[in-house]
Amino acid sequence: MQNTLKSPARFTGLGLHTGLPVRMVVHPAAADHGIRFRRTDVADRDALVPALWDAVTPSRLCTVVENADGVSVSTIEHVMAALAGSAIHNSLIEIDGPEVPILDGSSLAFVTGFLAAGIEEQDAPIRAVRVLKAVEVRDGDAVARLEPADMLEIDFSIDFADAAIGAQSRVLNMANGAFVRELSDSRTFCRQADVDAMRANGLALGGTLENAVVIDGDRVLSPGGLRHQDEPVRHKMLDALGDLALAGGPILGRYIGVRAGHALTNRLLRALFADPSAFRLVDCGPQTLGKLPGVGVHVGDLPRSEEH
């Protein structure tokens, strides 16, 4: 069955790239509504923006969705991952600015807020996207691929010259509360040199050592260091789940990412849906429901650490 929130969940923080304060309220919504954003600061155009793969516009640093009137919402990947990882299928997200608040740079605050608001079952079947054959896209050394599988699995590899990151890989079956337990608290990361370059170009104005893991060679500059030894690759998996959630329903398949980013994952979804023989929409029966991300998640699945 589909799920929504029992009551609104409220979040306030800075946009990572704009540095502007943002207020966001995630509301319950009816069955089959899906996930949509509404810009409350926009009055002269259509303010409703769908969280779907074909609404994504090109952006190197984050995921941006835009409607036909040019109204957009950026940096949506962390809240989308939290929704997918908490098995919330229907919500209207009201936001008073162009960018989702970065909070601590992970999905943890979103998940915590959703669980506090409560999750309500709806009398409507979940329609999933079953991958029928392999689909792959490449950009140089970067690869994003979907293969058939009974449930969503994410297999991700990264390789950075910075010794504090280096080569990392991880594979995770996303069934039930795996996202919340294993990935939700992993923060976005960047190199100090990249931060300096972005700020020189008017970007990352809301970035701090408190909402991103900042790396400088073999040093982690953020207070407290890493939450996990492989936090960077875990965060890339978090991003991938958020970007895959734009498919419009859970994906039943194995996602493989090698140095992949937001743009490549969106290209992968476009390639998948461009080939009708590569996927099938299926209503999830009881056996499949138990394999979906977030089904049955509860407060006890939240990560426990001193940083939180």
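Scroll up a little and you will see the structure.
Residues numbered from 1 in each chain as written. Predicted model: local features only at pLDDT ≥ 70, side-chain atom pairs only at ≥ 80, totals over all residues. Heavy atoms only, no water.

Asker: Tell me about the overall build of the protein, and please be specific about residues and values.
Answerer: The secondary structure content of the protein amounts to seven helices and 21 strands. A globule of 308 residues ought to have a C-alpha radius of gyration of about 19 Å, and the protein, at 18 Å, matches this closely. Taken along its principal axes, the extent of the C-alpha atoms in the protein is 50 × 45 × 40 Å. Here the protein, with 308 residues, has 55% of them falling under the buried criterion. Within the protein, contacts between residues at least 6 apart in sequence are counted, and of these 75% link residues at least 24 apart. As presented, the protein carries roughly 12,800 Å² of accessible surface, and 49% of it is formed by carbon and sulfur atoms. The average position of the 29 basic charges and that of the 40 acidic charges among the side chains of the protein differ by 2 Å. (Helix = DSSP H or I, 4+ residues; strand = E, 2+ residues; numbered from the N terminus. Rg over C-alpha atoms; globule rule 2.2 N^0.38 Å. Buried < 20%, exposed > 50% of the residue type's maximum accessible area, 1.4 Å probe, protein only. Contact = heavy atoms within 4.5 Å. Areas by Shrake-Rupley, 256 points an atom, 1.4 Å probe, with all protein chains shown as cover. Lys, Arg positive; Asp, Glu negative; His and termini not counted. Charge placed at Lys NZ, Arg CZ, Asp CG, Glu CD.)

Asker: Explain the pattern of salt bridges residue by residue, including any values.
Answerer: Summed over the entire model, instances satisfying the criterion amount to 22 salt bridges. The salt bridge involving K133 is made with D275; its shortest N-O contact spans 3.0 Å. In this pair, K133 sits in the loop between β11 (127-131) and β12 (135-139) while D275 sits in the loop between α6 (262-274) and β21 (279-283), placing the two residues 142 residues apart along the sequence. Residue classification places D275 among the partly exposed residues on the basis of a relative accessible area of 22%. (Salt bridge = Lys/Arg side-chain N within 4 Å of Asp/Glu carboxyl O.)

Asker: Lay out the layout of surface pockets in plain terms, naming residues and giving numbers.
Answerer: Of the pockets and cavities examined, the second largest pocket occupies roughly 680 Å³. Contributing to the lining of the second largest pocket are 34 residues, with H89, A245, G248, G249 and P250 lying nearest its centre. Elements supplying a minimum of two residues to the lining of the second largest pocket: β4 (35-39), α1 (77-85), β11, α5 (231-244) and β21. The element best represented in the lining of the second largest pocket is α1, accounting for three residues. Looking at the lining of the second largest pocket residue by residue, the class counts come to 24 nonpolar, seven polar and three charged. (1 Å grid on protein atoms, 1.4 Å probe; cavity = no way out; pocket = protein on both sides within 12 Å on 5 of 7 lines; lining within 4 Å. Points joined across faces, edges and corners; volume = space filled by probe spheres on them. Nonpolar A, V, L, I, M, F, W, Y, C, P; charged D, E, K, R; others polar.)

Asker: So, the state of the cysteines: which residues are in play, and what are the values?
Answerer: Summed over all chains, the structure comprises zero disulfides. As a non-bridged cysteine, C62 has C190 as the owner of its nearest cysteine sulfur, 13 Å distant. You can call C62 buried: its relative accessible area is 6%. (Disulfide = S-S within 2.5 Å.)

Asker: Explain the side chain of E77 residue by residue, including any values.
Answerer: Looking at the secondary structure, you find E77 in helix α1. One buried charge, E77, has no salt-bridge partner; the nearest side chain with opposite charge is K236, at 9.4 Å. Here T63 takes part through its backbone nitrogen, which lies 3.0 Å from a polar atom of the side chain of E77. Residues in contact with E77, not counting those within four places in the same chain, are C62, T63, D239, G242, D243 and H262. (Polar contact = N/O pair within 3.5 Å; in protein donor to acceptor, adjacent residues only side chain to side chain.)

Asker: Kindly report on the nonpolar core, identifying the contributing residues and their values.
Answerer: The tendency in soluble globular proteins is for nonpolar side chains to be buried as a group. Counting residues in hydrophobic clusters, the biggest one holds 75 residues, and the most contacted among them are F37, F114 and Y255. Not counting the four nearest positions on each side in its chain, Y255 is found in contact with A144, R145, L146, E153, I154, D155, F156, A240, L244, A260, T265 and L268. Counting residues in each nonpolar core, the second largest holds seven residues, with I126, L252, L289 and L292 among its members. (Core = buried A, V, L, I, M, F, W, Y, C linked by side-chain atoms within 4.5 Å.)

Asker: Now, about α1: what can you tell me, with residues and values included?
Answerer: Within α1, eight of the nine residues are buried, leaving the element largely enclosed by the surrounding structure. Residues E77, H78, V79, M80, A81, A82, L83 and G85 constitute the buried set of α1.

Asker: Describe α5, with residues and values.
Answerer: When the terminal C-alpha atoms of α5 are compared, their 20 Å separation across 14 residues agrees well with the 20 Å that a helix rising 1.5 Å per residue should span. Burial analysis of α5 places 14 of its 14 residues in the buried class, which makes it a mostly covered element. (Expected span 1.5 Å × (residues − 1).)

Asker: Tell me what's going on with the packing of aromatic side chains, and back it up with residues and numbers.
Answerer: According to the stated counting rule, one finds six aromatic pairs in the structure shown. Ring geometry for F11 and F110: centres 5.0 Å apart, planes at 70 degrees, overall edge-to-face. In this pair, F11 sits in strand β2 (residues 9-14) while F110 sits in helix α2 (residues 108-117), placing the two residues 99 residues apart along the sequence. Per residue, the accessibility class of F11 equals that of F110, and both read buried. Between F273 and F279 the ring centres are 5.0 Å apart and the planes differ by 80 degrees, which places this aromatic pair in the edge-to-face class. On the basis of relative accessible area, F279 is assigned to the buried category, the value being 17%. A connected cluster of aromatic rings, assembled from ring pairs, spans F11, F110 and F114. (Phe/Tyr/Trp six-rings, centres within 6.5 Å; stacked < 30°, edge-to-face > 60°.)

Read these as geometric descriptors, not functional statements.
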